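# Coordinates in review
The chain contents come next:
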Amino acid sequence: MITSVMGSFTFSRARELGTCGVNELKNLFDKRDTYENEDFSCDCENLMDILRSNVSYQSLPMNYDIHFDDKVNMKVSAVKVATNIFERDMSVLEGIRWSESLDLVFKKNALNDPDLVWQYFASPDGFMRHYPAVKWSEERYDQTYDFRTRSWFTEAMTSPKDIIILLDRSGSMKGKKRELSHQIVNDILDTLNDNDFVNIYTFNNVSEPLVDCFNDTLFQANEENLRLLREYLPVYEIKRVANISAGLEKAFEILAHFRRTNLNLLGDAVEMSETIANAIL
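How each quantity is defined
Residues numbered from 1 in each chain as written. Predicted model: local features only at pLDDT ≥ 70, side-chain atom pairs only at ≥ 80, totals over all residues. Heavy atoms only, no water. Phe/Tyr/Trp six-rings, centres within 6.5 Å; stacked < 30°, edge-to-face > 60°. Helix = DSSP H or I, 4+ residues; strand = E, 2+ residues; numbered from the N terminus. Buried < 20%, exposed > 50% of the residue type's maximum accessible area, 1.4 Å probe, protein only. Lys NZ or Arg CZ within 6 Å of the ring centre and 35° of its normal. Expected span 1.5 Å × (residues − 1). Core = buried A, V, L, I, M, F, W, Y, C linked by side-chain atoms within 4.5 Å. Contact = heavy atoms within 4.5 Å. Pairing = 2+ DSSP bridges. Axes fitted to C-alpha atoms, helices over the stretch in contact; angles between N-to-C directions. Parallel < 35°, antiparallel > 145°, perpendicular 65-115°, else oblique. Nonpolar A, V, L, I, M, F, W, Y, C, P; charged D, E, K, R; others polar. Polar contact = N/O pair within 3.5 Å; in protein donor to acceptor, adjacent residues only side chain to side chain.

The protein appears in an unreviewed UniProt entry as VWFA domain-containing protein from Dendroctonus ponderosae.

## A short note on the packing of aromatic side chains
One pass over the structure, following the stated rule, counts 6 aromatic pairs. A centroid spacing of 4.8 Å and a plane angle of 50° characterise the contact between Phe-68 and Trp-118, whose relative ring orientation is tilted. Here Phe-68 is found in the loop between strand E3 (63-65) and strand E4 (70-73), whereas its partner Trp-118 is found in the loop between helix H5 (102-112) and strand E6 (119-122), with 50 residues between them in sequence. The class of Phe-68 is buried, set by a relative accessible area of 10%. Assessed through its relative accessible area of 22%, Trp-118 is described here as partly exposed. Through a chain of ring-to-ring contacts, three or more aromatic side chains come together here, namely Trp-98, Phe-121 and Phe-127. Stacked on the ring of Tyr-236, the Lys or Arg Arg-178 has its end atom at 4.2 Å from the ring centre.

## A closer look at helix H9 (residues 244-255)
A rise of 1.5 Å per residue sets the reference length of H9, with its 12 residues, at 16 Å; its end C-alpha atoms lie 16 Å apart and thus fit the reference within 8%. Looking only at H9, the buried set comprises Ile-244, Ala-246, Gly-247, Leu-248, Lys-250, Ala-251, Ile-254 and Leu-255.

## As for the nonpolar core
Counting residues in each nonpolar core, the largest one holds 20 residues, and the members touching the most others are Leu-189, Val-198 and Leu-229. Within the residue set of this core, elements represented by two or more residues are strand E9 (162-168), helix H7 (176-190), strand E10 (197-203) and helix H8 (223-232). With residues up to four places along the chain from it excluded, the contact list for Val-198 reads Ile-163, Leu-189, Leu-192, Leu-218, Phe-219, Ala-221, Leu-226 and Leu-229. Counting 10 residues, the second-largest nonpolar core is a separate cluster that includes Ile-244, Leu-248, Ala-251 and Leu-255.

## Examining the sheet that holds strand E8 (residues 133-134)
Pairing is antiparallel across the open sheet formed by 3 strands, whose spatial order is E3-E4-E8. Edge positions in the open sheet fall to E3 and E8, since each of these has one partner strand only.

## Observations regarding the packing of H7 against H8
Each packed pair of helices is defined by two parameters, the angle between the axes and the distance between the axes. Two numbers describe how H7 lies on H8: the axes approach to 11 Å, and their chain directions differ by 180°. Comparing their axes, H8 and H7 come out roughly antiparallel. Touching Asn-186, Leu-189 and Asp-190 of H7 are Leu-226, Leu-229 and Arg-230, all from H8. Here the contact of H7 with H8 is composed, by residue class, of 3 nonpolar, 1 polar and 2 charged.

## Considering the side chain of Lys-250
Tracing the backbone shows Lys-250 in helix H9. Here Asp-216 takes part through its side chain, which lies 2.7 Å from a polar atom of the side chain of Lys-250. Excluding anything up to four places from it in sequence, Lys-250 contacts Tyr-201, Ser-207 and Asp-216.

This is the structure we're talking about:
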């Protein structure tokens, strides 16, 4: 969860209180300097039905603003929900409702800093507020845009990571299994940034680096190195049987030099991983 601090008010506190509904939050920002002494209790019994019944879409008037070089609506923010998130999921609806009060903060920021342009609030639940409201178009963002894979979000949400991805290359990993494993690897790589270090090892009866020149090491997850990994991902040959011990031993050997142990396993051998990992440790 993101915790943003503005003045003496934290949005982690707002989320806790926000489950009480919209009306209670309308006055929250006026009270933010003394909220510890306020009683924010409320009856949330009918919240789910209220939120479901009030879900609707609005057409907003847009006017050109030279400061943004676009047509915007300065009265409200717009919400973008990631394409793989169900927009009527209750956690999403609740988050959208309580975060409506952030418009007050956005407007105040704009008044205090005339040079300020776009303002955002992103939630790990899969929605993002964008102020001022602007039409979401493919010219501005790709239709499948997901802020949760962007570096500015992942860097704020996570600490630096050292990761080795073990990729099963045994004879059983053909067709859709191989395609799915590649998609998962790419999804993992999308979450990495320049603060992270990574390597990919393939394994069957032996363990080998996906890229030969990256043997026995972790390297920075910058754009160039990640591009190289993606280029080599379709190249490796499928053959023999899986020996997950070979992959795990190599992974732990490398990670031992870096002290942090984030390990991802992809393949049919995953079911065996917990037992074997315990045996190795």
